[in-house]
Amino acid sequence: MNRTVASLLFLLVVQLVLVGALYWQGERAVSQHTRLLEPSTALGVDEIRITDDQDGEVVLRQSRGRWLLPDLQDLPADQQRVHRLLDTLSHQPQGFPVASSAAARQRYRVTSYQHHRRLAFYHGDDLLETIYLGRSPAYRRVYARNRRDHDIYNLRYSEHDAPVSADAWLDRRLLQSTPGRIDMDGLVLERNTGGQWHTATGGKPDEQQLARLLQLLQELRITGLADEDSQRSLAEDGSVQRSFRLQQDGQHHRLELLAFEGRLYAHDSRYALFFALDPRQYLALLQFDPGSLSGLPEKGSGAGEAAPAGR
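In this numbering scheme, every chain counts its residues from 1 along its sequence in written order. Residue-level local features of this predicted model are given only where pLDDT is at least 70; pairs of side-chain atoms are given and counted only at 80 or more, and the full residue set underlies all totals for whole chains, interfaces and linings. Remark: hydrogens and water are excluded; side-chain values derive from all non-hydrogen atoms of the structure.

Any two strands with at least two DSSP bridges between them are considered paired. Labels follow the DSSP assignment, with helices taken as runs of H or I lasting at least four residues and strands as runs of E lasting at least two, numbered in each case from the N terminus. The eight strands are arranged β4-β3-β2-β1-β5-β6-β7-β8 in an open sheet whose pairing can be described as antiparallel. In this open sheet, the two strands that pair with only one neighbour each are β4 (75–76) and β8 (153–155). Sheet analysis places strand β2 (residues 57–63) next to strand β3 (residues 66–69), joined by three bridges and oriented antiparallel. In the sheet register, Q62 faces β3, and the bridge partner there is W67.

Right, here's the structure in full:
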């Protein structure tokens, strides 16, 4: 009887060991297939080329820690959008693959010759990884596969998050600034070392007006680039409606608001191109009155006059 019990206990221990080993191997197999882009590979990526099935292509290139757009004279790309792409592919768990057969790769459009997006990741001239995005099984979902194996995953992403237009990757906040000095229509406002703002003559500007102006400059957003024809026309005939000379971190740049054929644009001396601007922000910047911003009484207001008596 004791031998029987001992044998059963031995078999139970063996089964538990086998189950544990199989579970560990299964977990390891899943973990090996849960990333389309290895984190170590993602760290070495300094160029991303995104193409579609219509020969569209955009190139994103990293320089000095910033992602730039070579097709747009190295204007800054949306850094968060690029990092989100790399993070999604290298860190988001995918679980088990949904399929791996040749027929499924064709059906889900994740082959080297049939796909909605091809994402190629480089370090210098070396191709590190290629990932294919195919059909969408649901909202903000896409089938994806890398070139290393045949497994297909249902990825929480969208092909629209990886556009092939350089304009779509453009950083919409590139004109934002937090200046320490503002020169607008002859009015000079400057912040001292104590953080207090004053005019060139030592006066105190209107706090509400100044706060509104600083907020607009800090939140300024472009809506895109002026098209190719407008770029040339603005450079030749663009009418400057208002100009700001701004100083930030010891560097000066000029921000100009322009109008051309009923459309509103902005130009920043830090960049060569012209940008379309949010109309509400454009008009808000245009409507600032230097006199009221300076804190001086309006002309004809009769400074020093007695206030009218109440009824």
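Our next topic: the side chain of Q281. Considering the arrangement of structural elements, one finds Q281 in helix α8 (residues 279–286). Whether a residue is buried, partly exposed or exposed follows from its accessible area with a 1.4 Å probe, protein chains only, as a fraction of its type maximum: under 20%, in between, or over 50%, in that order. Residue classification places Q281 among the buried residues on the basis of a relative accessible area of 13%. Pairs of N or O atoms within 3.5 Å make up the polar contacts considered here, provided that, within protein, one atom can donate a hydrogen while the other can accept it, and that residues adjacent in sequence are counted only when both atoms are side-chain atoms. A distance of 2.9 Å separates a polar side-chain atom of Q281 from the backbone nitrogen of R221. Those residues in contact with Q281 that sit more than four places away from it in its chain are L216, E219, L220 and R221. By definition in these notes, contact holds between two residues if any of their heavy atoms fall within 4.5 Å.

So, about the packing of aromatic side chains. Between rings of Phe, Tyr and Trp, where Trp is taken as its six-membered ring, a pair exists when centres lie within 6.5 Å; planes separated by under 30 degrees are stacked, by over 60 edge-to-face, and by other angles tilted. In the structure shown here, the tally under the stated rule is two aromatic pairs. Ring geometry for Y108 versus Y143: centroids 4.0 Å apart, planes at 20°, classification stacked. Of the two residues, Y108 sits in the loop between α4 (102–107) and β5 (117–123) while Y143 sits in strand β7 (residues 142–146), which places them 35 residues apart along the sequence. Across this residue pair, the class does not change: Y108 and Y143 are buried. On the numbers, 6.2 Å between centres and 85° between planes, the contact of Y271 with F275 is edge-to-face.

Phi at R64 is positive, roughly 55°, even though this residue is not glycine. Note that R64 resides in the loop between β2 and β3. A residue is classified by how much of its surface remains accessible, and R64, at 86% relative accessible area, is exposed.

Here we come to helix α3 (residues 79–91). Each helix should span, by expectation, one fewer than its residue count multiplied by 1.5 Å. Compared with an ideal rise of 1.5 Å per residue, which puts 13 residues at 18 Å, α3 spans 17 Å between its outermost C-alpha atoms and is within 8% of the ideal. The N-terminus of α3 is capped by D78, whose side-chain oxygen sits 3.2 Å from the backbone nitrogen of Q80.

Remember that side chains alternate between the two faces of the sheet whenever the strand is regular. Judged by which residues are buried, strand β16 (residues 274–277) turns out to be covered on both faces: F274 and A276 on one side and F275 and L277 on the other are all buried. Pairing of strand β12 (residues 222–225) with β16 involves three bridges; the strand directions are antiparallel. Within β16, the position partnered with G224 by the bridge is A276. Summarising the sheet, strand β15 (residues 263–268) and β16 pair through three bridges and their orientation is antiparallel.

Here, nonpolar core refers to any group of buried Ala, Val, Leu, Ile, Met, Phe, Trp, Tyr and Cys residues whose side-chain atoms link them within 4.5 Å. Within the largest apolar cluster, 60 residues are counted, with the highest numbers of intra-cluster contacts made by I48, L175 and I182. Ranked by the residues each element gives to this core, the list is headed by helix α6 (residues 207–219), at five residues. Once residues within four sequence positions are removed from consideration, I48 is found in contact with V58, V59, L60, W67, V82, L85, L86, A120 and F121.

The subject of this paragraph is α6. The end-to-end C-alpha distance of α6, which contains 13 residues, comes to 18 Å, matching closely the 18 Å that a straight helix rising 1.5 Å per residue would cover. Residues L210, L213, L214, L216 and L217 constitute the buried set of α6. For α6, the arc enclosing every buried residue in end-on projection is 160°, short of the 170-degree limit, so these residues lie on one face. Away from the buried face of α6 by more than 90 degrees, exposed residues E207 and Q208 are located. Its side-chain oxygen placed 3.2 Å from the backbone nitrogen of Q208, D206 serves as the N-cap of α6. As used here, the arc is the angular range of directions from the helix axis to the C-beta atoms.

Let's shift gears to the packing of α6 against α8. Every angle, taken between N-to-C directions, lies between 0 and 180 degrees, and every axis is a line fitted to C-alpha atoms, over only the stretch in contact when it is a helix. Between α6 and α8, the least distance of the axes is 11 Å, while the angle of their chain directions is 145°. Along this stretch, α6 crosses α8, giving a crossing that reads as left-handed. Contacts between α6 and α8 involve R212, L213, L216, L217 and E219 from the former and Q281, A284 and L285 from the latter. In this classification, Asp, Glu, Lys and Arg are treated as charged, Ala, Val, Leu, Ile, Met, Phe, Trp, Tyr, Cys and Pro as nonpolar, and every other residue, Gly included, as polar. The class makeup of the residues in the contact of α6 with α8 is five nonpolar, one polar and two charged. Crossings are assigned a handedness: left-handed for a near helix turned anticlockwise from the far helix by less than a right angle, right-handed for a clockwise turn.

Strand order in this open sheet of eight strands is β11-β10-β9-β13-β14-β15-β16-β12, and the pairing throughout is antiparallel. Both outer strands of the open sheet, β11 (197–199) and β12, are each paired with one neighbouring strand and no more. This sheet shows a mean twist of 25° between the axes of neighbouring strands, independent of strand direction. In the sheet, strand β9 (residues 181–184) pairs with strand β10 (residues 187–191) via four bridges, with the strands oriented antiparallel. Counted as the bridge partner of M184 is L187 from β10. Helix α7 (residues 228–237) rests against β12, β13 (239–248), β14 (251–260), β15 and β16 of the sheet, and its axis sits at about 105° to β14.

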